[in-house]
Amino acid sequence: VKEKITLLALVNMVFERPSSERTLSFDDVAERIEVPVDAVERVVMRALSLGLIKGSMDQVDGTVDVTWVMPRVLDDAQLRDLAGRFGEWAVTVSKTKDFVAEQIPTFA
């Protein structure tokens, strides 16, 4: 049961971050999932092997780069947060399109 709670805490930690900010330090992970820093590597390896997350680990730098997290059922607050992120993403895409249009006038 403790392992499941620890893995869920890791998945939640990753899910709460924007996709552009999913490089996590071992120290941050250890603090959030309440395990010693030397246990983070084992927890991340378990999450990777179960397919809960995808990414890579850098033991030298002590970081985890997560590229994908398994979707799960969301509560109302998480759905509102996700909707806000989609709104921010749409604004970023629009600004990028406008920037490219300024650089290449025939694009628009």
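Details of the structure are given in the entry above.
These remarks concern the structure in this document. (Residues numbered from 1 in each chain as written. Predicted model: local features only at pLDDT ≥ 70, side-chain atom pairs only at ≥ 80, totals over all residues. Heavy atoms only, no water.)

Observations concerning the pattern of salt bridges
Then comes step 1: As enumerated under the stated definition, the model contains four salt bridges in all.
Then comes step 2: In this structure, the salt-bridge partner of R32 is E16, at a minimum N-O distance of 3.0 Å. With R32 in helix α2 (residues 26-33) and E16 in the loop between α1 (2-15) and β1 (23-25), this pair connects stretches of sequence that are 16 residues apart.
Then comes step 3: Judged by its relative accessible area of 38%, R32 falls in the partly exposed class. (Salt bridge = Lys/Arg side-chain N within 4 Å of Asp/Glu carboxyl O. Helix = DSSP H or I, 4+ residues; strand = E, 2+ residues; numbered from the N terminus. Buried < 20%, exposed > 50% of the residue type's maximum accessible area, 1.4 Å probe, protein only.)

Looking at helix α4 (residues 76-103)
Then comes step 1: Taking 1.5 Å per residue as the helical rise, α4 with its 28 residues ought to reach 40 Å, and the 41 Å between its terminal C-alpha atoms agrees with that figure.
Then comes step 2: Those residues of α4 lying buried are Q78, R85 and A101.
Then comes step 3: Residues of α4 that are buried sit in contact with α1. (Expected span 1.5 Å × (residues − 1). Contact = heavy atoms within 4.5 Å.)

Focus: the environment of S19
Then comes step 1: Summarising the element assignment, S19 is placed in the loop between α1 and β1.
Then comes step 2: Judged by its relative accessible area of 62%, S19 is exposed.
Then comes step 3: Separated by 78 residues in sequence, S19 and K97 have C-alpha atoms that sit 20 Å apart.

Comments concerning the sheet that holds strand β2 (residues 53-58)
Then comes step 1: Pairing is antiparallel across the open sheet formed by three strands, whose spatial order is β1-β3-β2. Whereas interior strands pair on both sides, the edge strands pair on one side only; in this sheet they are β1 and β2. Between one strand axis and the next, the sheet turns by 25° as a mean value, whatever way the strands run.
Then comes step 2: Where β1 lies against strand β3 (residues 63-69), three bridges are found, and the strand directions are antiparallel. (Pairing = 2+ DSSP bridges. Axes fitted to C-alpha atoms, helices over the stretch in contact; angles between N-to-C directions.)

Quick notes on the packing of aromatic side chains
Then comes step 1: Inspection of every chain in the model, using the stated rule, returns zero aromatic pairs.
Then comes step 2: The ring of W68 has K54 lying over it, and the distance from NZ or CZ to the ring centre is 5.0 Å.
Then comes step 3: A cation sits over an aromatic face here: R85 above F15, 5.7 Å from the ring centre. (Phe/Tyr/Trp six-rings, centres within 6.5 Å; stacked < 30°, edge-to-face > 60°. Lys NZ or Arg CZ within 6 Å of the ring centre and 35° of its normal.)

Here we look at the nonpolar core
Then comes step 1: Ranked by size, the top nonpolar core spans 23 residues in total, and within it L10, V29, V40, V44 and I53 carry the most contacts.
Then comes step 2: Secondary-structure elements contributing two or more residues to this core are α1, α2, α3 (37-49), β2 and β3.
Then comes step 3: With six residues, α1 is the largest single contributor of residues to this core. (Core = buried A, V, L, I, M, F, W, Y, C linked by side-chain atoms within 4.5 Å.)

Geometric descriptors of this kind do not, in isolation, establish any biological role.
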